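Observations on the three-dimensional arrangement
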Amino acid sequence: MKLYGFGQSRSFRCLWALEEAGLPYEYVNTKLRTEAEDPESAKHPSYLELNRQGKVPTLTDGDLVLTESLAILNYVARSAPESGLLPYDSMKAYARIDELNSFVLAELEQPLWSKGKHWFALPEEHRIPQMFETAKFEFQKAVNTLDHLLGDGEYAIGKRFTLVDIMLAHTFNWAIRFEFDVPDHYRALRDRHYERPAAQRAMAIVS
Ligand SMILES: N[C@@H](CCC(=O)N[C@@H](CS)C(=O)NCC(=O)O)C(=O)O
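Residue positions are given per chain, counted from 1 along the sequence in the order it is written. Side-chain atom pairs in this predicted model are given and counted only at pLDDT of 80 or more, local residue features only at pLDDT of at least 70, and totals for whole chains, interfaces and linings cover all residues.

1. Details of the overall build of the protein chain
Heads up, the condition is: Under the DSSP-based scheme used, a helix requires at least four consecutive residues in state H or I and a strand at least two consecutive residues in state E, with every element numbered from the N terminus. Radius of gyration: C-alpha atoms only; globule rule: 2.2 Å multiplied by the number of residues to the exponent 0.38. The burial label depends on the number of other C-beta atoms within 10 Å of a residue's C-beta. Counts of 20 or more mean buried, 12 or fewer mean exposed, and intermediate counts mean partly exposed, with C-beta atoms placed from the backbone.
Looking only at helices and strands, one finds 9 helices and 4 strands in the protein chain. Helices (α) and strands (β) of the protein chain occur, in sequence order from the N terminus, as β-α-β-α-β-β-α-α-α-α-α-α-α. By the compact-globule yardstick of 17 Å for 207 residues, the protein chain fits well, its C-alpha radius of gyration being 17 Å. Here the C-alpha coordinates of the protein chain stretch approximately 50 × 45 × 30 Å along the principal axes. Here the protein chain holds 207 residues, and 33% of them are scored as buried.

2. Details of the pairing of strand β3 (residues 58-61)
Cut-off, in case you're wondering: Two strands are said to pair when DSSP picks up at least two bridges between them.
Of the pairings in the sheet, the one linking strand β1 (residues 2-5) to β3 comprises 3 bridges and is antiparallel in character. Within β3, the residue paired with Tyr-4 across the bridge is Thr-58. Sheet analysis places β3 next to strand β4 (residues 64-66), joined by 3 bridges and oriented antiparallel. Across the sheet, Leu-59 pairs through a bridge with Leu-66, a residue of β4. In this structure, the hairpin formed by β3 and β4 is closed by a connection of 2 residues, where Gly-62 is found at a positive phi of approximately 60°.

3. Brief notes about unusual backbone geometry
With omega at 5°, the peptide bond leading from Val-56 into Pro-57 counts as cis. Tracing the backbone shows Pro-57 in the loop between α2 (45-50) and β3. Here the phi dihedral of Arg-33 falls at roughly 55°; this positive angle occurs in a residue that is not glycine. Assignment of secondary structure puts Arg-33 in the loop between β2 (26-29) and α2. Phi angles above zero are rare outside glycine, and Glu-179 is one such case at about 60°.

4. Side note on the environment of Thr-162
The cut-off we apply is this: Whether two residues are in contact depends on their C-beta atoms, placed from the backbone: they are in contact if these lie within 7 Å.
Counting through the fold element by element, Thr-162 comes out in the loop between α6 (131-149) and α7 (163-177). Overall, the presence of 24 C-beta atoms within 10 Å leaves Thr-162 in the buried class. Along the sequence, Thr-162 and Leu-85 sit 77 residues apart, while their C-alpha atoms lie 4.1 Å from each other. Setting aside anything within four residues of it in sequence, one finds Thr-162 in contact with Gly-84, Leu-85, Leu-86, Pro-87, Ile-97, Tyr-155, Ala-156 and Ile-157.

5. Brief notes about the nonpolar core
Put simply, the rule reads: Only buried residues count toward a nonpolar core: Ala, Val, Leu, Ile, Met, Phe, Trp, Tyr and Cys, linked into one set through C-beta atoms within 7 Å.
Residues Cys-14, Ala-17, Leu-73, Val-76, Leu-163, Val-164 and Leu-168 are the most contacted members of the largest nonpolar core, which totals 46 residues. Where this core is concerned, the elements lending two or more residues are β1, α1 (11-21), α3 (69-79), α4 (91-108), α6, α7, α8 (184-194) and α9 (197-206). Ranked by the residues each element gives to this core, the list is headed by α7, at 9 residues. The residues touching Leu-73, leaving out its near neighbours within four places in the chain, are Arg-13, Cys-14, Ala-17, Leu-163 and Ile-166.

6. Some details on the site of the ligand
Operational definition: Only the C-beta atom matters for nearness: placed from the backbone, it must lie within 6 Å of the molecule or strand for the residue to count as near. When residues are sorted by character, Ala, Val, Leu, Ile, Met, Phe, Trp, Tyr, Cys and Pro go into the nonpolar class, Asp, Glu, Lys and Arg into the charged class, and all the rest, Gly among them, into the polar class.
Taken together, Ser-9, Arg-10, Leu-32, Arg-33, Lys-55, Val-56, Pro-57, Glu-68, Ser-69 and Ala-121 make up all the residues around the ligand. Within the shell around the ligand, the residues separate by chemical class into 4 nonpolar, 2 polar and 4 charged.

Following this line, the structure appears as structure tokens:
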């Protein structure tokens, strides 16, 4: 497998999962917001053939090309069932995993990405800095909802670490880096999971 990624962006979720899974892989550092002529750029024509939007992550495995972080997490987890990143014993656990992963993508990370787009990612003429307050409001709402969706256990699902924990910890780390108000219990969640050896190894790769 080959993972194309950049720093602590969403590709970090996939890098972390690969480290948890113990699968062999190659990491290809891919630069965002650089000139298309740069062979390492996400805008380079050879990369655009893999990922039409010029975004990270991209995972390739033989002729398979995946360009969505959650699909990559699921693929990695299913390629290494012994990792326990996806529990194979309960339909209800699957349903909860789907619910929480959907919530992270659709609700929790959206205000973060909205802020990022209007801060640095969109062409300047399309940026509206006034929406930072809206993003803050929406993030707060999502956090309050998450309090109802999650129990107070160490992990999101049952008694073990799963890919949902990667999604949550990475997204709260992103929120902290983007200066959102992250409550202490979610800062603790981030700290707890980032202390895992696999997360530390992934961090060393992107540092
Ligand atoms: N839905 C995609 C989103 C991918 C995405 O937007 N990636 C960002 C980095 S986190 C990116 O590559 N942006 C390109 C840019 O900012 O130029 C996923 O979850 O993988």
